[in-house]
Amino acid sequence: MKLNFQHIFLIGLLALWGCEDYYVPEIDQMPNSLVVEAMLTDQAKPMTLKLSRTNPFDGRNYLRGERDANVTLYANSGESFSFHEYSSGNYISYDTIRAVTGEAYHLRIVTSDGEDYRSDQEIMMAHNEIDKVHFSDSTLKEINYNYWGEPFVTDFKGINISVVPEKPMNTEVGYLYRWSSLINYYVYATQGMLEYSYFCWKKMNSNSLYVYDYNESDQGNNLILDNLHFLSYYTVYPNNLDSSRFEGIVQSTYASSFYYYLEQYTITKKGADFWKSVKKQSDATGKLFDPVEEEIESNFHCLSNPDLRCFGIFNTASYSKRIVLVDIGIRKVESYFTVQSFPVPKKDDECMLNEKADYWY
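This one's a predicted model, so the numbers in the text were calculated from it and none came from an experiment. (Residues numbered from 1 in each chain as written. Predicted model: local features only at pLDDT ≥ 70, side-chain atom pairs only at ≥ 80, totals over all residues. Heavy atoms only, no water.)

### Some points on the overall build of the protein
For step 1, the next point in the chain: When helices and strands are counted, the protein shows 3 helices and 20 strands.
For step 2, the next point in the chain: Expressed as a percentage of the 361 residues in the protein, the buried residues total 39%.
For step 3, the next point in the chain: Counting contacts in the protein only where the partners sit at least 6 residues apart, residues at least 24 apart contribute 69% of the total. (Helix = DSSP H or I, 4+ residues; strand = E, 2+ residues; numbered from the N terminus. Buried < 20%, exposed > 50% of the residue type's maximum accessible area, 1.4 Å probe, protein only. Contact = heavy atoms within 4.5 Å.)

The following block contains the structure:
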């Protein structure tokens with residue numbers, strides 16, 4: 001009797017199925033290591049920091065604050081500042097602290113179980129302002145692959161945002177950036193002969209880490225970060241509106257302007273290297289050509305037990321900010337100029353009927 005192709009395929013498949021075995025990788029389970037998030041700036045205000053614990057790989061994924069720790073900040077000049085816990089794992093200094101340029105600082109943390117952690121010394125960098133922020137129309141080309149593995153390109157119209165920091169006194173520095181924006185948009189609706197004009201706003205925040213080394217441009221002393229980030233018009237314009245929020249039938253919508261609040265932290269080169277490693281890890285998505293994971297070095301050490309690991313970092317940072325109001329037309333930047341304050345509405349996403357808020361532009 002002859003076996004046809006289907007019979008041979010089924011027999012082979014059964015043989016392979018019988019040979020299948022499950023592979024369970026061995027994963028080193030780290031102890032509940034201390035995680036520190038701390039930054040001291042040259043702004044005159046109380047310093048805050050966060051302490052938490054790592055979770056096992058197969059454990060529940062939730063943040064567990066480190067309670068009842070004794071936290072002290074020391075300066076080489078002899079000053080020291082104590083902290084108290086105001087919520088689970090969150091600590092704040094009793095006093096206002098304004099870091100002095102050129103001074104070295106370190107943190108000491110004694111946990112409730114008596115373990116003594118100490119950070120390396122961090123030197124406060126000289127104050128470094130943001131010189132300019134640029135907004136220009138741009139197109140982001142994103143490459144994706146279809147079901148058959150064929151590449152295709154999608155174009156996104158949007159705004160490219162660049163920043164020019166002042167030349168730092170010490171060029172062995174790096175920069176951290178974060179931003180937020182408040183977008184003004186208009187909604188026009190009708191119901192019969194009635195017309196409704198809604199003046200709305202929504203708030204957006206950076207959801208990515210922006211970290212750079214200082215690197216002088218060939219044309220002069222300015223560092224120009226041409227690709228700080230890209231803000232798509234799709235996210236700026238009012239899309240997928242909840243029509244139940246408005247009277248009548250929505251006829252048209254458009255965004256008119258947005259406030260852009262950029263914060264710059266000038267940190268040490270070592271601090272920048274740490275945050276670049278964090279960014280590489282957070283950007284990895286499990287694809288074939290993702291960046292290779294690397295061990296993230298901390299500047300904390302456990303003096304009472306060198307075998308205990310600590311994660312996170314203590315940074316000193318020169319802080320500066322720039323607030324810009326951007327006037328936009330039909331998917332186009334019309335103009336932009338620096339303003340003194342960033343609006344803080346009671347709600348992050350709200351509308352006013354036939355009335356403009358003071359900051360609506």
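### Some remarks on the pattern of salt bridges
Charged atoms that come close allow side chains of opposite charge to pair.
For step 1, the next point in the chain: Considering all chains together, one arrives at 11 salt bridges under this definition.
For step 2, the next point in the chain: Where Glu 350 meets Lys 347, a salt bridge forms, and the shortest distance between an N and an O atom there is 3.3 Å.
For step 3, the next point in the chain: Looking at Glu 350, the relative accessible area reads 24%, which means it is partly exposed.
For step 4, the next point in the chain: One network of salt bridges, with partners in common, ties together Asp 213, Lys 269, Asp 273 and Lys 276. (Salt bridge = Lys/Arg side-chain N within 4 Å of Asp/Glu carboxyl O.)

### Some words on the packing of aromatic side chains
For step 1, the next point in the chain: Within this structure, the stated rule accounts for 16 aromatic pairs.
For step 2, the next point in the chain: A ring pair is formed by Phe 135 and Phe 258, whose centres lie 6.2 Å apart and whose planes are at 70°; its orientation type is edge-to-face. With Phe 135 in strand 10 (residues 130–145) and Phe 258 in strand 16 (residues 249–268), the pair connects residues that are 123 residues apart, well separated along the chain.
For step 3, the next point in the chain: Note on Phe 135: relative accessible area 5%, which makes it buried. (Phe/Tyr/Trp six-rings, centres within 6.5 Å; stacked < 30°, edge-to-face > 60°.)

### Here we look at the side chain of Ser 318
For step 1, the next point in the chain: Among the secondary structure elements, Ser 318 is positioned in strand 18 (residues 310–328).
For step 2, the next point in the chain: Exposure remark for Ser 318: the relative accessible area of 0% places this residue in the buried category.
For step 3, the next point in the chain: A polar contact is formed between the side chain of Ser 318 and the side chain of His 127, at a distance of 3.4 Å.
For step 4, the next point in the chain: Within polar-contact distance, the side chain of Ser 318 engages the backbone nitrogen of Asn 128 at 2.9 Å. (Polar contact = N/O pair within 3.5 Å; in protein donor to acceptor, adjacent residues only side chain to side chain.)

### Examining the nonpolar core
For step 1, the next point in the chain: Val 133, Phe 135, Phe 258, Tyr 260 and Leu 262 are the most contacted members of the largest nonpolar core, which has 36 residues in total.
For step 2, the next point in the chain: Among the secondary structure elements, those contributing two or more residues to this core are strand 10, strand 11 (151–165), strand 12 (173–191), strand 13 (194–205), strand 15 (225–232), helix 2 (233–236), strand 16 and strand 18.
For step 3, the next point in the chain: Looking at this core, the element that brings in the most residues is strand 12, giving 8 residues.
For step 4, the next point in the chain: The residues contacting Phe 258, other than those within four sequence positions of it, are Phe 135, Ile 159, Ser 181, Leu 182, Ile 183, Leu 231, Val 236, Val 324, Leu 325, Val 326 and Ile 328.
For step 5, the next point in the chain: Among the nonpolar cores identified, the runner-up in size contains 25 residues, and Ala 99, Ile 109, Met 124 and Phe 300 belong to it. (Core = buried A, V, L, I, M, F, W, Y, C linked by side-chain atoms within 4.5 Å.)

### Topic: the state of the cysteines
For step 1, the next point in the chain: According to the stated counting rule, one finds 1 disulfide in the structure shown.
For step 2, the next point in the chain: Disulfide pairing is shown between Cys 200 and Cys 351; the S-S distance is 2.1 Å. On the S-S bond that ties Cys 200 to Cys 351, the torsion sits near 105°, and the link is right-handed. Note that Cys 200 is positioned in strand 13 and Cys 351 in strand 20 (residues 349–353), a separation of 151 residues in sequence. (Disulfide = S-S within 2.5 Å.)

### Here we look at the pairing of strand 5 (residues 80–87)
For step 1, the next point in the chain: Where strand 4 (residues 70–75) and strand 5 come together, 3 bridges link them in antiparallel fashion. Counted as the bridge partner of Thr 72 is Ser 82 from strand 5.
For step 2, the next point in the chain: Counting the residues between successive antiparallel strands, the hairpin from strand 4 to strand 5 contains 4 residues, one of them, Gly 78, with a positive phi of roughly 110°.
For step 3, the next point in the chain: Summarising the sheet, strand 5 and strand 6 (residues 90–97) pair through 4 bridges and their orientation is antiparallel. Of the residues in strand 6, the one forming a bridge with Ser 87 is Asn 90.
For step 4, the next point in the chain: A loop of 2 residues connects strand 5 with strand 6, the two strands running antiparallel in sequence, and Gly 89 in this loop sits at a positive phi of about 80°. (Pairing = 2+ DSSP bridges.)

### So, the environment of Thr 235
For step 1, the next point in the chain: For Thr 235, the location among the structural elements is in helix 2.
For step 2, the next point in the chain: For the pair Thr 235 and Met 204, spaced 31 residues apart in the sequence, the C-alpha separation amounts to 9.0 Å.
For step 3, the next point in the chain: Aside from chain neighbours lying at most four places away, what touches Thr 235 is Ile 183, Lys 202 and Met 204.

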